[in-house]
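Single-letter residue listing:
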Amino acid sequence: MEEVSNKQIILKDYVNGVPKESDMELRISTIKLKVPEDSKAVLVKNLYLSCDPYMRPRMKKTEGSYTDSFTPGSPLVGFGVAKVVDSAHPKFKKDDLVWGITGWEEYSIIKAPDSLFKIHNTDVPLSYYTGILGMPGITAYGGFYELCSPKKGETVYVSAASGAVGQLVGQFAKLLGCYVVGSAGSKEKVELLKNKFGFDEAFNYKEEQDLSAALKRYFPDGIDIYFENVGGKMLDAVLLNMRIHGRIAVCGFISQYNLEQSEGVHNLFCLITKRIRMQGFLAADYFPLYQKFVEMVTPHIKEGKVTYVEDIAEGIESAPGALVGLFSGRNVGKQLVRISRE
């Protein structure tokens, strides 16, 4: 039975405040290239790892969350793209390509492989299955189309709009014939939104003294749909600028993840006066619609109607820096790590 070395990214201890690369360490272990006897596990070689903001809350001790905290002393866990090395599960065979939850390591044993998605279409980059054709893609699709029920001509605002999810929401809204504005944290990202992704307008939120006034400038008649990725002061400003019967899809609160005490939201009375529907959701809520989503988005990708920008770090050693960089806006587009070119 062949045994090989296995580089892993380990969480050293629970994290308070802004995460640092030093909160993680590279460890080299060994692994046998065979699934355990009497199991239905799958052994995979990881090709790409996805860096996602939701991983930050998992780095601290939490109870009652939708997902468990990471275990100090063990590899981080997240979405990735992998190749099957050995399988005891009838659904998967050697050399199958899959995406889903895996370990932050070169090789992983997946004990519950029913959660993996088999990759059938390989005439797009495999890395897309960490993004546009993976969890961020179904997040954008479910949150925008299914939760917000958008209509042609409506006004749509997307925060963190150049990120893995936001860039897709904006493009989906434009395909539908909506007026779309996005915000991001640098001049480069603002230009990307307007020139690459086709947003009608975009602004750098860091340059705005008054967020509510900025939104009023771009949405003089109000916002029909807000795709929420940020929380905090941005959400407060949006509530003042929503239209009657507006919809807010709450995808993430990245501005709050590193705070010891979350900021309050003060304008919630607008939910009543404007009859706003505000709803949180998880990507997994829409996993049953994954095939429907793929059939919708794949032709748009091939025709160039939907584009996607990736920020690829090379090698598992770069993974801690790539993950930490999410929280300072260092990445441009979807952040991922290439573990192997195989």
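Residues numbered from 1 in each chain as written. Predicted model: local features only at pLDDT ≥ 70, side-chain atom pairs only at ≥ 80, totals over all residues. Heavy atoms only, no water.

Identification of the chain as 2-alkenal reductase (NADP(+)-dependent)-like from Nicotiana sylvestris is taken from an unreviewed UniProt entry.

### Things to note about the overall build of the chain
Along its length, the chain carries 8 helices and 15 strands. For 342 residues, the compact-globule estimate of 2.2 N^0.38 gives 20 Å, and the chain sits close to it at 20 Å. On the principal axes, the C-alpha backbone points of the chain span a range of 65 × 45 × 35 Å. For the chain, the residues scored as buried account for 56% of the 342 residues in total. Look at the contacts in the chain between residues 6 or more apart in sequence, and 69% of them connect residues 24 or more apart. In the form shown here, the chain has an accessible surface area of approximately 15,200 Å², with 50% of it arising from carbon and sulfur atoms. (Helix = DSSP H or I, 4+ residues; strand = E, 2+ residues; numbered from the N terminus. Rg over C-alpha atoms; globule rule 2.2 N^0.38 Å. Buried < 20%, exposed > 50% of the residue type's maximum accessible area, 1.4 Å probe, protein only. Contact = heavy atoms within 4.5 Å. Areas by Shrake-Rupley, 256 points an atom, 1.4 Å probe, with all protein chains shown as cover.)

### Section: the UniProt feature "domain: Enoyl reductase (ER)" (unreviewed entry) in the chain
Feature annotation in UniProt assigns "domain: Enoyl reductase (ER)" (unreviewed entry) to the following positions: residues 42-337. Secondary structure across residues 42-337 divides into 25% helix and 25% strand, with the first and last C-alpha atoms of the span separated by 22 Å. (UniProt positions renumbered as here; feature names shortened; annotations may be inferred.)

### Points about helix 3 (residues 187-195)
Helical geometry note: an α-helix holds 3.6 residues per turn, so side chains three or four residues apart project in the same direction. Residues of helix 3 that are buried include every one of Lys189, Val190, Leu192 and Leu193, and no others. End-on view of helix 3: buried residues confined to an arc of 155°, all on one side of the axis. Within helix 3, the exposed residues directed more than 90 degrees away from the buried face are Lys187, Glu188 and Asn195. The inward-facing, buried residues of helix 3 abut strand 9 (179-184) and strand 10 (201-204). (Arc of directions from axis to C-beta.)

### Regarding the environment of Phe269
By the secondary structure assignment, Phe269 is in the loop between strand 12 (242-250) and helix 6 (270-273). Residue Phe269 is classed as exposed on the basis of its relative accessible area of 58%. Taking the C-alpha atoms as reference, Phe269 lies 9.5 Å from Leu240; in sequence the two are 29 residues apart.

### Considerations on the domain arrangement of the chain
Assigned domains of the chain: these are domain 1 (3-131 + 309-338) and domain 2 (135-284). Between the C-alpha centres of domain 1 and domain 2 the distance comes to 28 Å. Counting residues at the interface gives 23 residues for domain 1, matched by 16 residues for domain 2. Summing the contributions of domain 1 and of domain 2, the shared interface buries around 1,600 Å²; its carbon and sulfur component is 62%. When the buried area of domain 1 at its contact with domain 2 is split by residue, Gly131, Val309 and Val332 rank highest and sum to 28% of it. Seen at the junction of domain 1 and domain 2, the total is 6 residue pairs in polar contact (both at pLDDT 80 or more). Looking at the side of domain 1 that touches domain 2, its residues break down into 12 nonpolar, 7 polar and 4 charged. (Domains from an automatic or database assignment. Buried area = accessible area lost by both parts, 1.4 Å probe. Polar contact = N/O pair within 3.5 Å; in protein donor to acceptor, adjacent residues only side chain to side chain. Nonpolar A, V, L, I, M, F, W, Y, C, P; charged D, E, K, R; others polar.)

### Structural notes on the sheet that holds strand 10
Spatial ordering of the open sheet is given by 10-9-8-11-12-13, a layout of 6 strands whose pairing is parallel. Looking at strand neighbours, the two that pair on one side only are strand 10 and strand 13 (277-280), the edges of this open sheet. Averaged over neighbouring strand pairs, the angle between their axes works out to 15° when direction is ignored. Sheet topology places strand 8 (residues 155-158) next to strand 9; 4 bridges connect them, and they run parallel. Opposite Val156, over in strand 9, you have Val180 as the bridge partner. Seen against the sheet, helix 2 (residues 166-175) touches strand 8, strand 9 and strand 11 (223-228) and runs at an angle of roughly 170° to strand 8. (Pairing = 2+ DSSP bridges. Axes fitted to C-alpha atoms, helices over the stretch in contact; angles between N-to-C directions.)

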